[in-house]
Amino acid sequence: MPPVFAHGRLRLYLLKLLDEAPRHGYEVIRLLEERFQGLYAPSAGTVYPRLAKLEAEGLVTYATEGGRKVYSITETGRAELADRGGELADLELEIRDSVSELAAEIRDDVRGAAGDLRREMRAAASATATQVDDESWKAAKEELRKAKQEWKEQARRAKDESRRAREEAQQARRQAKEAQERAREEVQRIAAQLQEQFAKPGGVLGSLAGAWLGGGPAANAPAGSPSAPGPSGAGWAEDLAPTADPARDLDRLLDRFRDDVRDAARDHGVTPAQLAEARAHLAAAAARIEAGLRPKA
């Protein structure tokens, strides 16, 4: 058995199986056995400790159903799976190659067994030639013919499976790379739109922070006029590096925006007039951001 799951790859493949659907430990073992066409099945002592470790790391969670733990992947687990899409495609290809190697080993065993059977039959026929009638010899020859035919069929199936496995793994690798590139471009596009909105004169965060800090130009300037330097700008939220999940990155930006505004309000207070002005700024910003997120016609 080639070491397909060395260096944490069984961990990655368990995340893939749980991303397909929630499963209990015995079902995971059965699926792995199916993926290897019954040629390999991990033990419970291999699978269950790894599921427990994934749960401790926050990558999976479980619910108890009928006295058994049913494991499900978390959003953190899906993020890791997306980040390692290329590695997963390579693993799929290696699994298919391992199946082909195991099939080749079985084919060699069958060939050797057939050869041994032939030699034994010849030896038996030579030793008992006077006792074996013609019908028995024909029956033995028929059994040998069937064994050879079965071996040929197994070899053909193994060859076809190996070819299909290579094609599917190569296609999966291409799709994973394309998906990663599209996700990266989408994150960059949304981040640029948000930073552009926040960097505009009179932008939401700059206007509110300037007003609530009190006494600055933003507090006295008319609506739509340039605001004093504030938390917004091209460098705002630079520490929030994009990931492969645009929706998650947008949530993080909105959380940062909310925290900054709440800190300003807590530190400097809010008057009814400032609240009304803030409401108008928030409505305008929400409309601009929503328009930017809509699909282009």
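Everything numeric here is computed off the predicted structure, so don't read it as measured data.

Draft legend 1. Spotlight on the pairing of strand 3 (residues 68-73). Of the pairings in the sheet, the one linking strand 1 (residues 23-24) to strand 3 comprises two bridges and is antiparallel in character. Within the sheet, the bridge partner assigned to Arg23 lies in strand 3 and is Tyr71. As judged from the six bridges shared by strand 2 (residues 60-65) and strand 3, these two strands associate in the antiparallel manner. Bridged to Ala63 within strand 3 is Val70. The turn linking strand 2 back onto strand 3 is made up of two residues, and Gly66 within it adopts a positive phi angle of 60 degrees.

Draft legend 2. Structural view of the sheet that holds strand 3. Spatial strand order, 1-3-2: three strands in an open sheet with antiparallel pairing. On the outer flanks of this sheet lie strand 1 and strand 2, each paired with one strand and no other. Sheet strands in contact with helix 3 (residues 44-56) are strand 2 and strand 3, and its direction is about 115 degrees off that of strand 2.

Draft legend 3. Region of interest: the pattern of salt bridges. The full count for this structure, using the stated rule, is 27 salt bridges. Taking the shortest distance from any N to any O, the salt bridge between Arg157 and Glu150 comes out at 4.0 Å. A salt bridge links Arg156 to Glu153; its shortest N-O distance comes to 2.4 Å. Of this pair, Arg156 and Glu153 both sit in helix 6 (residues 134-199), separated by three residues, roughly a single helical turn. What makes Arg156 partly exposed here is its relative accessible area of 42%. Residue classification places Glu153 among the partly exposed positions, given a relative accessible area of 26%.

Draft legend 4. Spotlight on the packing of helix 1 (residues 9-20) against helix 4 (residues 75-83). It is at 10 Å that the axes of helix 1 and helix 4 come closest, and there the two elements cross at 120 degrees. Seen along the crossing, helix 1 lies across helix 4 with a hand that is left-handed. Contacts from Arg11, Leu12, Leu15, Lys16 and Asp19 of helix 1 reach helix 4 at Gly77, Arg78, Glu80 and Leu81. Across the contact of helix 1 with helix 4, the residue classes tally to three nonpolar, one polar and five charged.

Draft legend 5. Layout of the packing of helix 1 against helix 3. Packing of helix 1 against helix 3 leaves a shortest axis separation of 10 Å and a crossing angle of 75 degrees. With respect to each other, helix 1 and helix 3 are oriented roughly perpendicular. Only Thr46, Val47, Arg50, Leu51 and Leu54 of helix 3 make contact with helix 1, whose side of the interface consists of Leu10, Arg11, Leu14, Leu15 and Leu18. Partitioning the contact of helix 1 with helix 3 into residue classes produces seven nonpolar, one polar and two charged.

Draft legend 6. Seen up close, the environment of Ala41. One can find Ala41 in the loop between helix 2 (25-35) and helix 3. Among the residues examined, Ala41 registers a relative accessible area of 39% and is labelled partly exposed. Each C-alpha atom, one on Ala41 and one on Val28, is 9.9 Å from the other, the two residues being 13 residues apart in sequence.

Draft legend 7. Up close: the nonpolar core. The biggest cluster of nonpolar side chains holds 24 residues, and the ones touching the most others in it are Tyr13, Leu14, Leu15, Leu18, Val28, Leu32 and Val47. Looking at this core element by element, the count peaks at seven residues for helix 1.

Draft legend 8. Inspection of helix 2 at higher detail. Every buried residue belonging to helix 2 is among Gly25, Glu27, Val28, Ile29, Leu31 and Leu32, and all of these are buried. Residues of helix 2 that are buried sit in contact with helix 1, strand 1, helix 3 and strand 3. Count one or two residues on from helix 2 and you reach Gln37, which has phi positive near 55 degrees.

Draft legend 9. Here's a closer look at the side chain of His24. Looking at the element boundaries, His24 is found in strand 1. Residue His24 is classed as buried on the basis of its relative accessible area, which comes to 15%. Apart from residues no more than four positions distant in its own chain, His24 is found in contact with Arg68, Lys69 and Val70.

Draft legend 10. The layout of surface pockets, seen in detail. Taken as a whole, the largest pocket spans an internal volume of roughly 390 Å³. Among the elements of the structure, helix 1, helix 4, helix 5 (85-127) and helix 6 are those that each provide at least two residues to the lining of the largest pocket. Considering each element in turn, the lining of the largest pocket owes the most residues, nine residues, to helix 6. Across the lining of the largest pocket, the residue classes break down as 11 nonpolar, three polar and seven charged.

Draft legend 11. Main features of the environment of Tyr13. By the secondary structure assignment, Tyr13 is in helix 1. Since its relative accessible area comes to 1%, Tyr13 is described here as buried. In sequence terms Tyr13 and Glu92 are 79 residues apart; their C-alpha atoms lie 8.8 Å from each other. Here the side chain of Tyr13 touches Arg35 through a polar contact of 3.0 Å, side chain to side chain.

Calculation criteria
- Residues numbered from 1 in each chain as written.
- Predicted model: local features only at pLDDT ≥ 70, side-chain atom pairs only at ≥ 80, totals over all residues.
- Heavy atoms only, no water.
- Pairing = 2+ DSSP bridges.
- Helix = DSSP H or I, 4+ residues; strand = E, 2+ residues; numbered from the N terminus.
- Contact = heavy atoms within 4.5 Å.
- Axes fitted to C-alpha atoms, helices over the stretch in contact; angles between N-to-C directions.
- Salt bridge = Lys/Arg side-chain N within 4 Å of Asp/Glu carboxyl O.
- Buried < 20%, exposed > 50% of the residue type's maximum accessible area, 1.4 Å probe, protein only.
- Left-handed = near helix turned anticlockwise from the far one by under 90°.
- Nonpolar A, V, L, I, M, F, W, Y, C, P; charged D, E, K, R; others polar.
- Parallel < 35°, antiparallel > 145°, perpendicular 65-115°, else oblique.
- Core = buried A, V, L, I, M, F, W, Y, C linked by side-chain atoms within 4.5 Å.
- 1 Å grid on protein atoms, 1.4 Å probe; cavity = no way out; pocket = protein on both sides within 12 Å on 5 of 7 lines; lining within 4 Å.
- Points joined across faces, edges and corners; volume = space filled by probe spheres on them.
- Polar contact = N/O pair within 3.5 Å; in protein donor to acceptor, adjacent residues only side chain to side chain.

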